[in-house]
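Okay, here's what each chain looks like letter by letter:
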Amino acid sequence: MSQLKRTPLYDLHLELGGKMVPFAGYEMPVQFPLGVKKEHEHTRAACGLFDVSHMGQILLHGPRPAEALETLVCADIVGLPEGMQRYALFTGQQGGILDDLMVANPGGGVLYLVVNAACKEQDVALLETGLVDEHRVEVLERGLLALQGPQAAEVMRRHCPAACEMMFMQHGRFEIGGVPVWISRSGYTGEDGFEISVAADEAEALARRLLAEEEVEAIGLGARDSLRLEAGLCLYGHDIDTETTPVEAGLIWAIGKPRRHGGERSAGFPGADLILHQVDAKDHRRKRVGLLGEGRAPVREGAELYSEDGRRLGMVTSGGFGPTVGQPVAMGYVDIEYAEIGSTVYAEVRGKRLPMVVSKMPFVAPGYHRG
């Protein structure tokens, strides 16, 4: 087994009592002494600080990098204004999703990409082989912190008031305590918040500075997962993968309008024929849906889903108890005729079939700062 990597905050996690587990090739804190449920509730009520330094941070250099990247993703990157970021999907030739990522346009003729930790090496290889030689892929060794929650802006205002002027999905270059940082107003919890990229050797000092604020608690991967599930956000390798198209995943909004049929840069990305056919014909046979359970028993990933008459409909891809929602929440794929809001399906848990209702996502109202 290969040696697990460590983020720049590893020693701080140990000092804070973090329970370390292997995750995407890294030793990461799954929880702190507060515990997963309280960490979740604290982030929803106040502000949590997450170490996401295991994610891949990449700069794409070269002529017209947006046009180049559009040969690999289905998003509108050419139309991404300076100072903004956008959600994107790397797609495969069969129409499946190879990874999801964030793409920011910081200006200066480069693009800044944040990719999933587990897919980092394959994504870098995809960029290096998929783009022409005149483009350079620079893999950054930087820290990445996520400050999330309804009080995140209040905390940020004390350290970097200029960053609080940004709206949801804006991106900029700032300083905190004289240290250069790249900040996006975004996150993975459904709350307002900021993702802060900082030099690796400055990451621990920045984390300590933010944790010194009364509102801020360190939050582990356990609560990160329950928070993103309540927010209806996909986890790569679970809710989306190479066998799933953007249309089946309910991510049509991530296919830029100029990239669709009739758009000025229609197609031109891997798998476009199948994906755009599904956009237009709506003849896909399954769909990702939100599911709400009854009682307290959580329905976990891998649970099979059935109709009332016992026909297998699909599978749960993420699930647990939603502390904010106060009941079991899940997402999964079902046959298209059962994807209507209000449909009842049955999840098999330890030999029992528990009713779940197909429900709108997100399960909690988003707190994003749209101005």
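Residues numbered from 1 in each chain as written. Predicted model: local features only at pLDDT ≥ 70, side-chain atom pairs only at ≥ 80, totals over all residues. Heavy atoms only, no water.

K.L.:
Explain the pairing of strand β19 (residues 352–359) here, please?
P.N.:
Regular strands place side chains that alternate from one sheet face to the opposite one. Of the pairings in the sheet, the one linking strand β14 (residues 286–293) to β19 comprises 4 bridges and is antiparallel in character. Residue pairing across strands places L291 opposite V358, the latter belonging to β19. Sheet topology note: the strand β18 (residues 344–349)/β19 ladder contains 6 bridges and is antiparallel. When the sheet's bridge partners are listed, A347 is paired in β19 with L354. Adjacent in sequence and paired antiparallel, β18 and β19 are bridged by 2 residues, among which R350 carries a positive phi angle near 45°. (Pairing = 2+ DSSP bridges. Helix = DSSP H or I, 4+ residues; strand = E, 2+ residues; numbered from the N terminus.)

K.L.:
Looking at this structure, I do not really get helix α5 (residues 152–159). What am I missing?
P.N.:
Every buried residue of α5 is accounted for by A152, A153, V155, M156 and H159. One face of α5 carries all of its buried residues, which in axial projection span an arc of 160°. (Buried < 20%, exposed > 50% of the residue type's maximum accessible area, 1.4 Å probe, protein only. Arc of directions from axis to C-beta.)

K.L.:
Is there a simple way to explain the pairing of strand β7 (residues 110–115) in this structure?
P.N.:
Within β7, 6 of the 6 residues are buried, leaving the element largely enclosed by the surrounding structure. Burial along β7 is two-sided: V110, Y112 and V114 and L111, L113 and V115, pointing in opposite directions, are all buried. Sheet topology places strand β4 (residues 56–61) next to β7; 5 bridges connect them, and they run antiparallel. Looking across to β7, one finds that I58 is bridged to L113. As judged from the 5 bridges shared by strand β6 (residues 97–107) and β7, these two strands associate in the antiparallel manner. Across the sheet, A104 pairs through a bridge with Y112, a residue of β7.

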